[in-house]
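Residue-level listing of the chains:
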Amino acid sequence: MTFQDLILKLSAFWAAHGCLIQQPIDLEVGAGTSHVETFLRVLGPRPWSVAYVQPSRRPDDGRFGENPNRLFKHHQFQVILKPAPDEVQQTYLESLEACGIDPRQHDIRFEEDNWESPTLGAWGIGWQVMLDGQEITQFTYFQQVGGIDLSPVSAEITYGLERIAMFLQKVDSVYDLEWAPGVSYRDVRLRDEIEQSKYAFGQVNMPREAFVALHRELFDRHHAFARTLLDSGLVLPAYEQCLKCSHLFNVLDSAGGVGVTERTAYILKVRQLAVGVAQAYLQTTAPGAPEEASDR
Amino acid sequence: MDRELLIEIGTEELPASWLPGLTRQFGEHIAARLGALRIPPDGPVETYSTPRRLAARVARMPERQADVEELLTGPAVAAAFKPTGEPTPAAAGFARKHGVGVDALERVETPKGPYLAYRRRERGRATADVLPDLLGAVLRDMAFPKQMHWDAVLDDGRGELTFGRPIRWILFLYGGRVVPFAIGRSEAARSGLVQEVRSAAVTYGHRFLATSGRAGRAIKVRSFDEYRARLVENFVLLERAERHDKIARELDAHAQRLGGRVSSAAAVQSGLLDEVPDLVEYPSVVAGTFAPEFLSLPEEVLTTTMIHHQHFFPVVSATGRLMPAFLAVTNTQADGSRTIARNCERVLAARLRDAQFFFEADRRTRLEDRVPVLSTVLFHKKVGSYGAKAARLERLARHCAAAAFGRPDVADQAATAGRLAKADLVTDMVRELTELQGAMGGIYARAEGLPEPIWRAIYHHYLPAAPEADAPPSRADLGEAAVTWAALSVADKLDTLVASFAGGERPTGTRDPYGLRRQAHGLLKVLVDLPELAGIGAPVDLDALRRRARALLDECAEPGHAAPAASPAEEADLTTFLEERLRFLFQQRGFAYDEINAVAGARRAFTGDPHDARLRLEAIRLVRPSPDFEALAVAFKRVKNLSRELRVEPIETLDRLAEPAELALLEEFRTRGGLVRQAAARRDYAEAFRLAAGFRPAVDRFFTDVFVMVDDAALRDQRLTLVWRLHELVVELADISEIVSQLELNR
């Protein structure tokens, strides 16, 4: 099964289980959780089921294309089920079968692994799903997002697409994956990995101080603009600026440009934005509030 | 007829580390609630668990609650009736509350006089009728390290029911019949896909395996025996011991086939063998191999990757060397297929390739060059970064070696080890395998060609992690590095304690997020066992070391990050904390409470010199069996009390003493007292206590013949001074009045 077949299979499976098939958020994010389809939709009482692929950037994991397992950017297949159905674990296992993984032939386990995102003010309880000793999925019951207790609780299923594809294709390097017939992951991604890693670790033709100063300045400007947008009642644009801040912080961090006390301060700044956005979103979607434009 | 009670809470996978505790709680809460419901079980509450279930069984239950009879007192008779004999509103109200007339009330005598009372009699209800209340209460009683919201509610008036993981089914049988019980769902979640969880005569087997029928289907059961049998058919071994034994058996068999054995040190020390039975419902072991070239990685990296990251058991040869093989415990039936083993091999190989990558990349940067990067890693939010900690460790380890241990010859090495000790925190390997902190730094330091005392000191500096006398490292592990290591180990733990207390951290109850108790145990253990560990016999002044460590917080503070101001309360809190930990350490080593109290109450330092405290405890234990010592301990309670009566400064010249008994005691004090002091100065405490026990006849005679509290103030104060001096002489070493004597106990 090619990389793209895997995406198609999972999309078809979850569409058949009532999920809206969405597209990735068109911004730099570290995980599918940052997508508005997760971060905002899990707030409030309204049922929502959605699935999408999310290219996810982790500057700190960049390895210049040299490491067979670690990537600056990997792909998640993200499923949100709100409220979390009673049969959610069983349905998830069926999705693996749909991808050609027969649970009777393998050792599949749910091992404790709780998830937390300090920048999003979010945490949940759940497992990493292990397939013959390999972590292939993060399975989380969200408890809090944007500092807000959730009711109902949503289930988040995050498949690690590269990991699963490597398992199915039996390859030892991510770059050997077949993305489509005759096209390898290397063909599609290697150059991006090399250049993005260099960028993420500050290997740029400018003094390190200037690199750091530039990113700090960018952070501050996006941060200030997010506040302005939030004050203007533009919740979704404000959230996008918040995501920009989160990504810039990650770059600063991997480039070693953040001191230790500053680090906490940066995280707090992003979290305060995220919490502000979540609260504003809930207020404006409460019963009686005007319907938001992005509603179907 | 007594009937069986069977409860199974079917859950999604509970964390393995919680399972033993939850199983115990489940049984205890059921037993307690049954007692409170007045249906005490006729035998123990048996408990069972797997990752997906908590089960309890009581073989025989009474059929009815015990009847109740209780006397409820109302108003005093004096206040119950008017002069006319009519009941007062108080009496009438009390009777009405219980639904009877005033004439149905009884009179009872109480210490406060006669009162009206109502005798309540209640016939016990049928067990089947009260059991639904049991389960709701037990579910509420369960405490989890982390509570989870899952949109569940109980109709017990308390609303939401949090739990460890979602509950998916409830098997609840009494005498083979279903006890009705339901967990409701919150308004927000209720839908076609989110429904009530109702009790039924149904359980579920393994997710993927069954001997017949579809795996994962509902299985009807009527009794515990049937329940257990059907679970076995459906690949669930209910008893943990059975899973444990199957794992142990198969591990041995596979290891033998590979020509080696399971590294017991690895399996037991890491707790892996204790963890895996709680990760699976039906364990089977598979064997895999890895490329021999990975054996060039440090053994610590290989075993940590296998054990902590993959839950794999390393295999060692007959001579104890790692073999390129591993054993994995799976939650399946081993069917001879190599698929799972091959996949596990690929995962491990990927991890080891990563490790190899880290190992090569890490060695391109010297530890020394990593030290500046430590200022980007937070140690404590109020105290600062690991950069500042490295600066403190360099100076404190030097001070420990040179000043505290009197070994200036190793001071430079200790300082270097201190500066580099934390540098491995910013290596890729330790970021990935945090369990290897310390060990990895030692390995890299060795690869850089640093002297053995330095790399070995770094390697073991997080140890000891426990207070026991045989806790690692051993003297053999340390070799030439012993003194350097002791200086670094003490400096690191002391700095963490002092800095954390300065930052406002105080461990309380089960809350100890920085692991300060373990730090204290490690610190005190090194000092208590300093001669055995490092061959250092000279006294060590821990109080002085603490002052030095506290001063370094200011001296090494980072720009813009002033250390929190010191306060007497902070110092006192740390003293109390260390004292508690040192008492704990000595208790662990089998010293009696009264012995520890005696030494802790001495004038001479307790936490100020932990090794000296140990020597005095050992001396007491040695001398204690002698009758004179025990008798002196008894006499010393009087000595102690009397010495407190001295309200003036001790008298210089005791010229008024004339009674033969007091002159005899004075003479004993002068001669014997001098010898006691000399022995104490040599730290020969057994001899000191033996000599002190010799005071006994003179003390006894003094108390028999001399009346101390005479009206003549001058004479009285001289007598009190003699008693006070005697007390001071002995309490310098131990407050032996704390010793609980056999003589007293037998009295």
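Residues numbered from 1 in each chain as written. Chains lettered and ligands numbered in written order. Predicted model: local features only at pLDDT ≥ 70, side-chain atom pairs only at ≥ 80, totals over all residues. Heavy atoms only, no water.

### A word on the overall build of chain A
Move 1: Looking only at helices and strands, chain A has 8 helices and 11 strands in total.
Move 2: Here chain A has a C-alpha radius of gyration of 20 Å; the compact-globule value for 296 residues is 19 Å, and the two agree.
Move 3: Considering only C-alpha atoms, chain A reaches an extent of 55 × 55 × 30 Å along its principal axes.
Move 4: Each of the 296 residues in chain A was classed as buried or not, and the buried ones make up 58%.
Move 5: Nonlocal contacts in chain A, meaning residues at least 24 apart in sequence, comprise 65% of its contacts between residues at least 6 apart.
Move 6: Split by element, the accessible area of chain A, about 11,800 Å² in all, is 51% carbon and sulfur. (Helix = DSSP H or I, 4+ residues; strand = E, 2+ residues; numbered from the N terminus. Rg over C-alpha atoms; globule rule 2.2 N^0.38 Å. Buried < 20%, exposed > 50% of the residue type's maximum accessible area, 1.4 Å probe, protein only. Contact = heavy atoms within 4.5 Å. Areas by Shrake-Rupley, 256 points an atom, 1.4 Å probe, with all protein chains shown as cover.)

### Concerning the packing of helix α18 (residues 516-528) of chain B against helix α21 (residues 568-588) of chain B
Residues and elements named next belong to chain B.
Move 1: At a minimum axis distance of 9 Å, the contact between α18 and α21 shows a crossing angle of 65°. Handedness of the α18/α21 crossing: right-handed. Contacts between α18 and α21 involve Leu516, Arg517, Ala520, His521, Leu523, Leu524, Lys525 and Val528 from the former and Phe577, Leu578, Arg581, Leu582, Phe584, Leu585 and Phe586 from the latter.
Move 2: The residue makeup of the contact of α18 with α21, split by class, is 11 nonpolar, 1 polar and 3 charged. (Axes fitted to C-alpha atoms, helices over the stretch in contact; angles between N-to-C directions. Left-handed = near helix turned anticlockwise from the far one by under 90°. Nonpolar A, V, L, I, M, F, W, Y, C, P; charged D, E, K, R; others polar.)

### Some thoughts on the pairing of strand β3 (residues 53-61) of chain B
As a general feature of sheets, a regular strand has side chains that alternate between the two faces.
Residue and element names in this part refer to chain B.
Move 1: β3 sits mainly inside the fold: 7 of its 9 residues count as buried.
Move 2: As paired elements, strand β1 (residues 3-11) and β3 share 7 bridges and run antiparallel to each other. For Arg3, the partnering residue across the bridge sits in β3 and is Met61.
Move 3: With antiparallel pairing between neighbouring strands as the criterion, strand β2 (residues 46-50) and β3 make up a hairpin whose turn holds 2 residues. (Pairing = 2+ DSSP bridges.)

### Side note on the packing of aromatic side chains
Move 1: This model, assessed by the stated rule, comprises 36 aromatic pairs over all chains.
Move 2: Both rings, one in Tyr92 of chain A and one in Phe110 of chain A, keep their centres 6.3 Å apart while their planes meet at 70°; by these two values the pair is edge-to-face. Here Tyr92 of chain A is found in helix α3 (residues 88-98), whereas its partner Phe110 of chain A is found in strand β4 (residues 108-112), with 18 residues between them in sequence. In terms of burial, Tyr92 of chain A and Phe110 of chain A fall into one category: buried.
Move 3: Following the ring pairs from residue to residue traces out a cluster consisting of Phe77, Tyr92, Phe110, Trp127, Phe139, Tyr141 and Tyr159 of chain A.
Move 4: Arg165 of chain B extends its terminal NZ or CZ atom over the ring of Trp18 of chain B, reaching a point 5.7 Å from the ring centre.
Move 5: Against the face of Phe359 of chain B rests Arg363 of chain B, its NZ or CZ located 3.9 Å from the ring centre. (Phe/Tyr/Trp six-rings, centres within 6.5 Å; stacked < 30°, edge-to-face > 60°. Lys NZ or Arg CZ within 6 Å of the ring centre and 35° of its normal.)

### Re the domain arrangement of chain B
Frequently, the measure chosen for interface size is the accessible area removed from exposure when the parts meet.
Move 1: The domains assigned to chain B are domain 1 (3-64 + 126-233), domain 2 (68-122), domain 3 (240-362), domain 4 (368-590) and domain 5 (612-746).
Move 2: When each unit is reduced to the centre of its C-alpha atoms, the spacing between domain 1 of chain B and domain 5 of chain B is 65 Å. (Domains from an automatic or database assignment.)

### Thoughts on the interface of chain B and chain A
Move 1: Taken together, the contacts link 50 residues of chain B with 45 residues of chain A.
Move 2: Carbon and sulfur atoms supply 51% of the area that chain B and chain A bury against each other, a total of about 4,200 Å² over both sides.
Move 3: The tally of links between chain B and chain A comes to 5 salt bridges.
Move 4: One salt bridge in this structure joins Arg346 of chain B and Asp172 of chain A, with 3.5 Å as the shortest N-O distance.
Move 5: Joining chain B to chain A, the criterion identifies 23 residue pairs in polar contact (both at pLDDT 80 or more).
Move 6: Among the secondary structure elements, those contributing two or more residues to the side of chain B that touches chain A are β18 (322-330) and α9 (339-362) of chain B.
Move 7: When residues of the side of chain B that touches chain A are assigned to their parent elements, the largest contribution, 11 residues, is made by α9 of chain B.
Move 8: Its residues assigned to classes, the side of chain B that touches chain A comprises 21 nonpolar, 17 polar and 12 charged. (Buried area = accessible area lost by both parts, 1.4 Å probe. Salt bridge = Lys/Arg side-chain N within 4 Å of Asp/Glu carboxyl O. Polar contact = N/O pair within 3.5 Å; in protein donor to acceptor, adjacent residues only side chain to side chain.)

### Quick look at the side chain of Thr721 of chain B
Residue and element names in this part refer to chain B.
Move 1: Structurally, Thr721 is set in helix α28 (residues 713-731).
Move 2: Judged by its relative accessible area of 0%, Thr721 falls in the buried class.
Move 3: Among the polar contacts made by the side chain of Thr721, one reaches the main-chain amide nitrogen of Ile651 at a distance of 3.1 Å.

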